[in-house]
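The lines below spell out each chain.
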Amino acid sequence: MRELRLPAPALRGGQANLVLAGFSATGKTSAGVLAAELLGMPFVDLDQLAERRLGSSLPEVFLTLGEKRFRELEAELLGEAARLSGTVIATGGGAVLHREFATLAGGAVAVVLTAPPEEIEERLGDPATRPLVASAPGPRIRELLAERALAYSAAGTAVDTTGKSIQEVAGLVADRYRAQANDKAQRVTVSGPHAEYPVLVGEGTLDRLDGLLRSQLPKAGRVVVVSDQAVTDSAGALVGETLRTAGREVLTAAVGRGEASKQIAAVTELWDRFQALAVDRGDVIVAVGGGAGLDAIGFAAATWARGIPWVTVPTTILAMVDASIGGKVAIDRGGAKNSVGAFHQPQAVVCDPSLLLTLPASLARDGLAEVVKSAVLASPLLLDALVQARPAGEGLPPHLGWLIEQTVRIKAAYVAADPEDLGLRQSLNLGHTYAHGLEAASDYLVPHGRAVAIGLVAAARLGVSLGLTEEDLPAQLRGALDRIGLLETLPSMDRARVRAALLLDKKWRRGEPAFVVPVRGGAALVSGIDLDFALEPFWELLAEASREDPELTAGPAQAPAGSGPAPR
Ligand SMILES: NC(=O)c1ccc[n+]([C@@H]2O[C@H](COP(=O)([O-])OP(=O)(O)OC[C@H]3O[C@@H](n4cnc5c(N)ncnc54)[C@H](O)[C@@H]3O)[C@@H](O)[C@H]2O)c1
């Protein structure tokens, strides 16, 4: 077996975190929860996370594993928290003493809650529950406060909690955040050797489209809004109206719906329309649609007049977190997905979750599979949030904008690290080798997101059997995917047909099967392994299906000729 490690890149940009520090009983958790509600941000408590990871309460952890083990984990969690954005993060009382705290607080709004020692002692209640001060609460509190005084004063702006209710403290903390959070809010920059462009993420960002065009393309003339037909009257119309209101000359065009638009005939129609409108390189195309529409419109933009600048306004979750970032554009040909394409980086991307309201629930769930994939690769606390999330039901999950922002930051980091998709970006194929086999063998009846979900668990199980992946990851993943509703039913598939489809994938990799498996801190590309061994976890998973979905059941026919896998 050969193994190529693909470590997760550093993550940048997005909304600032709000970090709460301070001694025990200063109200970091309770004020943090309320401040998060006031700000509409998600909340994480690093002490609670440590308890979950270690499987027992902190007093027990201190007794059985010792303070050293807790501090090691605390440092690790601070590092993981620094990979989040737009999150309210409560840290433990001693967290400020770690080097990693400075990393977390850098770029964040950090607030230190304070209280005098006697009030802390009173609030602490039963000393037995606080192992660091249990022996002599009063003197120990004073001693620790003195030891940590410098670290607390350097950690952030102090908010005195003396005599204040939790609501009052939360209000003060939220105000502090509003006043200090920088104007980089909601902006992630994708940078590479040939291009650098902003991705705006968040409710209302569509209103900033015109300003974005002015800064990115100051000389742009007319705007051609090209939309997927499914959103022409909704998102497409809104984009046109926004730009007209800003005084722009707006022309319009449409491409088919979804995958049907990724055909040369649809692109030819767009070229015809561009010709009729005399579109040239002085104009700009604003593409509005899901991943398929963006692929087709982007391909037309890349090829018309040797490349017209374009901006994307994605309207599906998958398009926001994946297809709109990275500059890959393509159409399908001869039954093979994405076989004709180009690299054409957009000048800007606007991900406004309010455009997702018209999206059918099943499509929203599908897109969330990519969120889970990104979390596994590059953000353990995002994965934790997905594992802990309430079942999504039929609606969109809470904090959707946040989920999208985390995933955009991850995709942007991989694209920046490997703009031409020659190395590290292969990590993003996690789960996709299995998924492509499943999709192709079902004649694309199995939706992409559901196929990726199955592929992710299979890849994690393969990683465990190769000794590369943490043992509890497959179960965690199942939990997260179940909550989203992506594993509700598993398809019944003919193994020979799936195997045949996977073998087509093999050809794409020059004769050798290669699988991406998750490893701590990233992924590994493994090759030189027996295909049947690699397929074992996949068959196991399909066999475990408790219920079968007749709609997704594909018969034992041969794999369709030429239905090659999709190069991502
Ligand atoms: N270029 C890349 O880097 C990249 C990455 C991943 C996927 N892709 C491509 O993306 C495509 C899948 O994208 P997708 O999952 O967004 O599917 P999609 O674009 O096919 O959209 C799914 C369906 O939803 C409709 N739709 C889109 N937005 C809507 C909205 N807001 N409300 C209601 N309906 C809406 C579309 O018309 C379509 O019928 C595939 O073709 C895949 O190859 C490209």
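Residues numbered from 1 in each chain as written. Predicted model: local features only at pLDDT ≥ 70, side-chain atom pairs only at ≥ 80, totals over all residues. Heavy atoms only, no water.

1. Here's the deal with the packing of aromatic side chains
- Under the counting rule described, the total for this entry stands at 5 aromatic pairs.
- A network of ring pairs unites the aromatic residues Y434, F515, F538 and W539 as a single cluster. (Phe/Tyr/Trp six-rings, centres within 6.5 Å; stacked < 30°, edge-to-face > 60°.)

2. Concerning the pattern of salt bridges
- Counted according to the given criterion, the structure contains 26 salt bridges.
- The partner of R178 in a salt bridge is D175, with the nearest N and O atoms 3.0 Å apart. Highlighted residues: R178 and D175, both in helix α8 (residues 166-180), separated by 3 residues, approximately one helical turn.
- With a relative accessible area of 45%, D175 lands in the partly exposed category. (Salt bridge = Lys/Arg side-chain N within 4 Å of Asp/Glu carboxyl O. Helix = DSSP H or I, 4+ residues; strand = E, 2+ residues; numbered from the N terminus. Buried < 20%, exposed > 50% of the residue type's maximum accessible area, 1.4 Å probe, protein only.)

3. Notes on helix α6 (residues 117-124)
- Inspection of α6 places E119, I120 and L124 among the buried residues, and these make up the whole buried set. Projected onto a plane normal to the axis of α6, the buried residues spread over an arc of 135° and lie on a single side.
- Once α6 finishes, G125 follows within two positions and takes phi at roughly 70°, a positive value. (Arc of directions from axis to C-beta.)

4. Some remarks on the packing of helix α14 (residues 361-378) against helix α16 (residues 400-417)
- Following both chains from N to C, one finds α14 and α16 inclined at 55°, their axes separated by 9 Å at the closest point. By the angle between their axes, α14 is oblique relative to α16. Here α14 and α16 pass one another in a crossing that is left-handed. Note on element contacts: α16 touches α14 through L400, L403, T407, I410 and Y414, opposite L368, E370, V371, S374, A375, L377 and A378.
- Considered class by class, the residues forming the contact of α14 with α16 number 9 nonpolar, 2 polar and 1 charged. (Axes fitted to C-alpha atoms, helices over the stretch in contact; angles between N-to-C directions. Parallel < 35°, antiparallel > 145°, perpendicular 65-115°, else oblique. Left-handed = near helix turned anticlockwise from the far one by under 90°. Contact = heavy atoms within 4.5 Å. Nonpolar A, V, L, I, M, F, W, Y, C, P; charged D, E, K, R; others polar.)

5. Concerning the domain arrangement of the protein
- Domain assignment breaks the protein into domain 1 (17-180), domain 2 (205-351) and domain 3 (365-552).
- If you look at the interface, domain 1 gives 16 residues, while domain 3 gives 13 residues.
- Between domain 1 and domain 3 lies a buried interface of about 1200 Å² when both sides are counted; carbon and sulfur atoms form 52% of it.
- On the domain 1 side of the interface with domain 3, the three residues burying the most area are R83, L84 and S85, jointly 40% of the side's total.
- Remark: the boundary between domain 1 and domain 3 carries 2 salt bridges.
- The closest approach of N and O atoms between E76 and R520, which form a salt bridge, is 2.9 Å.
- Inspection of the domain 1/domain 3 interface yields 8 residue pairs in polar contact (both at pLDDT 80 or more). (Domains from an automatic or database assignment. Buried area = accessible area lost by both parts, 1.4 Å probe. Polar contact = N/O pair within 3.5 Å; in protein donor to acceptor, adjacent residues only side chain to side chain.)

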